[in-house]
Amino acid sequence: MASPPSSGQPGPPPPPPPPPARLLLLLLPLLLPLAPGAWGWARGVPRPPPSSPPLSIMGLMPLTKEVAKGSIGRGVLPAVELAIEQIRNESLLRPYFLDLRLYDTECDNAKGLKAFYDAIKYGPNHLMVFGGVCPSVTSIIAESLQGWNLVQLSFAATTPVLADKKKYPYFFRTVPSDNAVNPAILKLLKHYQWKRVGTLTQDVQRFSEVRNDLTGVLYGEDIEISDTESFSNDPCTSVKKLKGNDVRIILGQFDQNMAAKVFCCAYEENMYGSKYQWIIPGWYEPSWWEQVHTEANSSRCLRKNLLAAMEGYIGVDFEPLSSKQIKTISGKTPQQYEREYNNKRSGVGPSKFHGYAYDGIWVIAKTLQRAMETLHASSRHQRIQDFNYTDHTLGRIILNAMNETNFFGVTGQVVFRNGERMGTIKFTQFQDSREVKVGEYNAVADTLEIINDTIKFQGSEPPKDKTIVLEQLRKISLPLYSILSALTILGMIMASAFLFFNIKNRNQKLIKMSSPYMNNLIILGGMLSYASIFLFGLDGSFVSEKTFETLCTVRTWILTVGYTTAFGAMFAKTWRVHAIFKNVKMKKKIIKDQKLLVIVGGMLLIDLCILICWQAVDPLRRTVERYSMEPDPAGRDISIRPLLEHCENTHMTIWLGIVYAYKGLLMLFGCFLAWETRNVSIPALNDSKYIGMSVYNVGIMCIIGAAVSFLTRDQPNVQFCIVALVIIFCSTITLCLVFVPKLITLRTNPDAATQNRRFQFTQNQKKEDSKTSTSVTSVNQASTSRLEGLQSENHRLRMKITELDKDLEEVTMQLQDTPEKTTYIKQNHYQELNDILNLGNFTESTDGGKAILKNHLDQNPQLQWNTTEPSRTCKDPIEDINSPEHIQRRLSLQLPILHHAYLPSIGGVDASCVSPCVSPTASPRHRHVPPSFRVMVSGL
């Protein structure tokens, strides 16, 4: 087994290295020839004076030009030379000096292990290992360091694998690891309040480890990783999935070659611009998009498209040099050091790790200084140059001294936490085809500093971490509510004016005959309907949820009761007219207002039963309907989800069907009554025409309003406007049709509505009523008090008729006795006949006169033309008084008397009829008409 060489002094054999490294070290002597010339002084580093004992440091890094990462080793050598010179000038390790021996690993595992083996076998005893660039070589060597009691300090190995202190306890690095950016990303997410992100990772171990660590960092920080996508070659599928999951903040982990493909896919999916933010690694080469565009380019991804998708991305990487104007441990500011470094490197290309290499040399010097102080303070009196690979004690002293490192270097504060550098992370943003530094994160202080006015988002504000869904209640516009409320108030004022008019003129014949109490109910129903508009306009923007739920029930009750009250009273009035005028065979018909109130109350009772059952079984509840998202009208990066409040229950359709069916039957009943009473010619009583117009308008408007309201249920302003206008129109037109004609009539001709008391029937009604022996000819007013006065007047007239009958008997007898007395009769009874004629102030018809006269003669058969008394049959010339000529002359006198005095009292012939209307066979004698033919004047 190969053993590490000693420093020339005897000592115990070193312990075997760990198994993996031991196996490789055993094979290396067989594979590679021993070459003492494989090591030497650091190129460009001045040789120490011969009298100073060296402190050897093993330098492992790629240096050849054949390896891509060889530029890193060559680029840091000028910084290493500056550090060694400054340390020597300050005599920091007096009387020792740093002796850095460089070994080229060529970023190859085998060659790297051989270089390490040669350094141990053929070189001096190295106190520490400086270097480690390539992750694979570094991890193999770092795993075996504990067996050699060597502490390694890397300046360029950023792989997160090396952060495992159980596996790599002797490994340190001055450069932050790839995982060090995750706390910085967390701080950036919190700064812009991004709480929902997605990850897009290339299937490479390095990126997968960073992604896994990021998941652990974000866990418990109230930041959701909504989607985690990975890809190997084609990222487009993963990008599309991120968009489908509404990921706005994308944390990417991929190399620069894949970055071009990712942004091309982002351009195709439109995942760029003001709504998206890409956060990717910032360690890509300068102008990397120019180098990789050719490989990623295709016909669908032009350069301008790639740059458009890249615009605004944020890169996260460690800070190569501190931006603070503070003197470092070397006594120079980072800016002064950078100038010296640029002068020193001459034709060698720069490396972004040069500052970490510079600080690394200072870390080694300070560590060895503390180790020497520890040895000097101990009782062992051991010198540091006496170290060998088996000296576990001195190895632990150097390890502890490394952990105590804390100074300000050119890369910032140099502090180790579990072997990891707590460095500074910078943020850059791609702006106008160039990367601009916009902020930095200090891991030691855990602070984020955003440079003022440098970070630029493509929108007016930082992108949202998701599609912000602003739930917006669709409410009724306040101006619209105000306008409709004003119209409603005007309608209520009009209704109040009608109420005042109705109450003030309640004693007028026109208003009395139209039932003022029913009119008041019609007005009350209209005002309740008006009041419901105020409640329909109150939504969640005016009242609370609990109040809105209460309003759902209240406004339904008010509108239902108001409708029934208005139209119930109107239909009850019409029913009374129908009941009186259609039952012509009845002697009298008295229907008081109390009975009409009972009818309206019955209708309201049905309403209350329906509403109470509705409320008890399935009450109305407040429900919120959510509609699909809409873009923000103001152009903000948010989506509007409209919310709309409804009053609904489980069986809404059934309950509405019951209410609509009942109201529909009520409307049909009103139409039937209006049709039946259409020929009643008393304007004060007959509202059938206006009722028909009201029912027509209300029916049409309700049907149209219900249909349009249902179709516009997602537009509360339109729906409320339609409902309110329908209610206003229906209530207003109903009240105007009922009261405006009365108001006009009362203003112009108050008696016109009560002057014509005659029934006018159609031809069909005349045929139906011709079978009856009498016809109703007068109608009293509906007032009960008026009824008593009419009955007294009726009694007086009947007494007058009786007196006139007696006078008529006497006149008839006198005419039978002597024809010469005709002149006397005419002279003495002229005034009496005038009185009789003046009694005929009612309207008669000729056909009625014929019927009454015929009826009168039929009840006096003894007065027929062919009936003679024995005492009267003589051949004396005076007996010729019964001749046809005398009889015709007497009839010419008697019939006008009957016409003007008797028949008008029972609704007989018209006053204009002056010719005889009876058969020539009728008797001239006149008897009293039986009471069954006398119509009592009765009120409604």
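As the structure is a prediction and not an experimental result, all values here were calculated from the model.

Mapped onto the present numbering, the UniProt feature "transmembrane region" (unreviewed entry) falls at residues 480-501, 521-542, 554-575, 596-617, 652-675, 695-711 and 717-740. Structurally, residues 596-617 is divided into 100% helix and 0% strand, and its ends, taken at the C-alpha atoms, are 32 Å apart. Annotation note: span residues 717-740, helix share 100%, strand share 0%, distance between end C-alpha atoms 32 Å.

As a further point, take the environment of Q385. In this fold, Q385 is placed in the loop between α13 (354-377) and α14 (392-403). The spacing of Q385 and Y96 is 289 residues in sequence and 9.0 Å in space, taken between C-alpha atoms. Side chain to side chain, Q385 and Y96 meet in a polar contact 2.5 Å long.

Under the 1.5 Å per step criterion, the end-to-end length of helix α3 (residues 109-122) is 20 Å for 14 residues, consistent within 8% with the ideal 20 Å. One side-chain oxygen of the residue at the start of α3 lies 3.1 Å from the amide nitrogen of A110, identifying that residue as D108.

Counting across every chain of the model gives four disulfides. Each sulfur of the disulfide joining C264 and C301 lies 1.8 Å from the other. The disulfide joining C264 to C301 has a torsion of about -70 degrees about its S-S bond and is therefore left-handed. Residue C264 is found in helix α9 (residues 256-268), and its partner C301 is found in the loop between α10 (288-296) and α11 (303-310); the two are separated by 37 residues along the sequence. For the pair formed by C264 and C301, the shared burial category is buried. Residue pairing for C552: its cysteine sulfur links by disulfide to C647, the two sulfurs lying 1.8 Å apart. Judged by the sign of its S-S torsion, about -65 degrees, the cystine formed by C552 and C647 is left-handed. Of this pair, C552 sits in helix α18 (residues 545-582) while C647 sits in strand β20 (residues 638-648), placing them 95 residues apart in sequence. Taking relative accessible area as the criterion, C552 reaches 0% and is therefore assigned buried.

This next bit is on empty space enclosed by the protein. Any space left empty among the atoms is revealed by the rolling of a water-sized probe across them. Tallying each qualifying case throughout the model produces 16 cavities of 30 Å³ or more. Here the largest cavity is characterised by a volume of approximately 150 Å³. D178, V181, Q253, W283 and V316 are, among the 20 residues lining the largest cavity, the residues nearest its centre. Within the lining of the largest cavity, the residues separate by chemical class into 13 nonpolar, four polar and three charged. Summarising the domain contributions, the lining of the largest cavity has at least three residues from each of domain 1 (54-177 + 332-419) and domain 2 (180-323 + 428-470).

A few words now on the nonpolar core. Of all hydrophobic cores here, the largest spans 107 residues; its most connected members are F130, F155 and L368. The element best represented in this core is α13, accounting for twelve residues. Both domains that furnish three or more residues to this core are identified here as domain 1 (54-177 + 332-419) and domain 2 (180-323 + 428-470). When residues no more than four places from it in sequence are discounted, the contact partners of F155 are M61, I72, V76, F130, G131, V133, T174, V175, F353, Y356 and A357. The next biggest cluster of nonpolar side chains, apart from the first, holds 55 residues, and it includes Y563, A572, I580 and Y662.

Right, let's talk about the pattern of salt bridges for a bit. If the charged atoms of two oppositely charged side chains come close together, the side chains can form a pair. Under the criterion given, the structure shown has 25 salt bridges. Between D446 and K187 there is a salt bridge, with its nearest N and O atoms 3.8 Å apart. Here D446 is found in the loop between β15 (435-442) and β16 (447-450), whereas its partner K187 is found in helix α6 (residues 181-191), with 259 residues between them in sequence. D446 gets classed as partly exposed once you look at its relative accessible area, which sits at 39%. A salt bridge links E221 to K190; the shortest N-O distance between them is 2.6 Å. Here E221 is found in the loop between α7 (205-218) and β7 (224-231), whereas its partner K190 is found in helix α6, with 31 residues between them in sequence. Owing to a relative accessible area of 31%, E221 belongs among the partly exposed residues under this scheme.

Of note, the amide linkage connecting R94 to P95 takes the cis form, showing an omega dihedral of 10 degrees. For N418, which is not glycine, the phi torsion reads 60 degrees and is therefore positive. Of note, D446 is a non-glycine position whose phi angle comes to about 55 degrees, a positive value.

Rules behind the numbers
Residues numbered from 1 in each chain as written. Predicted model: local features only at pLDDT ≥ 70, side-chain atom pairs only at ≥ 80, totals over all residues. Heavy atoms only, no water. UniProt positions renumbered as here; feature names shortened; annotations may be inferred. Helix = DSSP H or I, 4+ residues; strand = E, 2+ residues; numbered from the N terminus. Polar contact = N/O pair within 3.5 Å; in protein donor to acceptor, adjacent residues only side chain to side chain. Expected span 1.5 Å × (residues − 1). Disulfide = S-S within 2.5 Å. Buried < 20%, exposed > 50% of the residue type's maximum accessible area, 1.4 Å probe, protein only. 1 Å grid on protein atoms, 1.4 Å probe; cavity = no way out; pocket = protein on both sides within 12 Å on 5 of 7 lines; lining within 4 Å. Points joined across faces, edges and corners; volume = space filled by probe spheres on them. Nonpolar A, V, L, I, M, F, W, Y, C, P; charged D, E, K, R; others polar. Domains from an automatic or database assignment. Core = buried A, V, L, I, M, F, W, Y, C linked by side-chain atoms within 4.5 Å. Contact = heavy atoms within 4.5 Å. Salt bridge = Lys/Arg side-chain N within 4 Å of Asp/Glu carboxyl O.

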